[in-house]
Amino acid sequence: KMGAGLFRGGGPPPGPPASCNLEKTSLDECTVGDLPLPHPLLALRHPGDGLFKAIELLARYHILSAPVLAAKGGALLGVIDSLDIAAHVCGLIEADPKALLRNVPVTEVMGKGRPSSDTAQVDMMTPLKEVLKLLSGTSRRAVVKGP
């Protein structure tokens, strides 16, 4: 299973375990699992989830992006974000100002806003220092693989 982390959804986040006080502890001692992530982790599925589901998920949880997973097997297909959705809508309006927004598959929209963005995959045991290194390199996002 996989889902998006590094944000929370619904209800107050659980605090980090006593072993990892994120304000006073070195990143060497903390892992992704110490972060207040939503449970279950959030993700969209393809085939199955469309553009409208993506918009609803991002709005409901006040997040800017979500991973898109294969409905069978759960492989990471990519990430859809609010910039992708905005680029899709602008493209429709440019082509036809009277066009109606259709509920297309999320895979038709993801990557339109930022086609070359790399996504790192991490798990709950990945040290935060390693995540920081990934995000300061070529990756611009991190997707958390669930347990």
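Residues numbered from 1 in each chain as written. Predicted model: local features only at pLDDT ≥ 70, side-chain atom pairs only at ≥ 80, totals over all residues. Heavy atoms only, no water.

With that settled, the discussion passes to the pairing of strand 3 (residues 65–70). Counting buried residues in strand 3 gives five out of six residues, a clear majority hidden from the surface. As paired strands, strand 2 (residues 44–46) and strand 3 are joined by three bridges and run parallel to one another. Within strand 3, the position partnered with R45 by the bridge is L69. In textbook terms, the turn of a hairpin is the stretch between consecutive antiparallel strands, and for strand 3 and strand 4 (residues 76–81) this stretch comprises five residues, one of which, G73, has a positive phi near 95°. (Buried < 20%, exposed > 50% of the residue type's maximum accessible area, 1.4 Å probe, protein only. Helix = DSSP H or I, 4+ residues; strand = E, 2+ residues; numbered from the N terminus. Pairing = 2+ DSSP bridges.)

This brings us to the confidence of the model for the protein chain. As a note on interpretation, predicted positions should not be read in detail where pLDDT is low. The predicted model of the protein chain averages 80 in pLDDT, with 80% of residues at 70 or higher. Per-element mean pLDDT across the protein chain ranges from 45 in strand 1 (residues 2–4) up to 94 in helix 1 (residues 51–60). Predicted confidence for residues 1–18 stays below pLDDT 50, and this span has 49 contacts to residues more than four positions away or in other chains. (pLDDT = per-residue confidence, 0-100. Contact = heavy atoms within 4.5 Å.)

Now for a nonpolar patch on the surface. A surface patch of nonpolar side chains, amounting to about 230 Å² of accessible area, comprises F52, I55 and L101. Among the secondary structure elements, L101 is positioned in the loop between helix 2 (82–95) and strand 5 (118–123). (Patch = residues over 30% accessible without salt bridge, like charges linked within 9 Å, V, L, I, M, F, W, Y side chains within 5 Å. Areas by Shrake-Rupley, 256 points an atom, 1.4 Å probe, with all protein chains shown as cover. Salt bridge = Lys/Arg side-chain N within 4 Å of Asp/Glu carboxyl O.)

This part covers the nonpolar core. The biggest cluster of nonpolar side chains holds 16 residues, and the ones touching the most others in it are L44, L57, V68, I80, I85, V106 and V109. Sorting the residues of this core by element identifies helix 1 and strand 3 as the ones contributing at least two each. Element by element, the count of residues in this core is highest for helix 1, at four residues. What I85 contacts, discounting residues up to four positions off in sequence, is L51, I55, L58, I80 and V109. (Core = buried A, V, L, I, M, F, W, Y, C linked by side-chain atoms within 4.5 Å.)

The three strands are arranged 2-3-4 in an open sheet whose pairing can be described as mixed. Sheet topology places strand 2 and strand 4 at the edges, where each strand pairs with a single neighbour. With strand direction ignored, the average angle separating the axes of adjacent strands in the sheet is 30°. In terms of strand pairing, strand 3 meets strand 4 through five bridges, oriented antiparallel. What sits directly across from L69, in strand 4, is L76. (Axes fitted to C-alpha atoms, helices over the stretch in contact; angles between N-to-C directions.)

All right, on to helix 2 then. Between its terminal C-alpha atoms helix 2 stretches 20 Å, which fits the 20 Å expected from 14 residues at 1.5 Å a residue. Turning to helix 2, the residues buried within the fold contact helix 1 and strand 4. Capping the start of helix 2, D81 holds a side-chain oxygen 3.0 Å from the backbone nitrogen of L83, two or three residues further along. (Expected span 1.5 Å × (residues − 1). Polar contact = N/O pair within 3.5 Å; in protein donor to acceptor, adjacent residues only side chain to side chain.)

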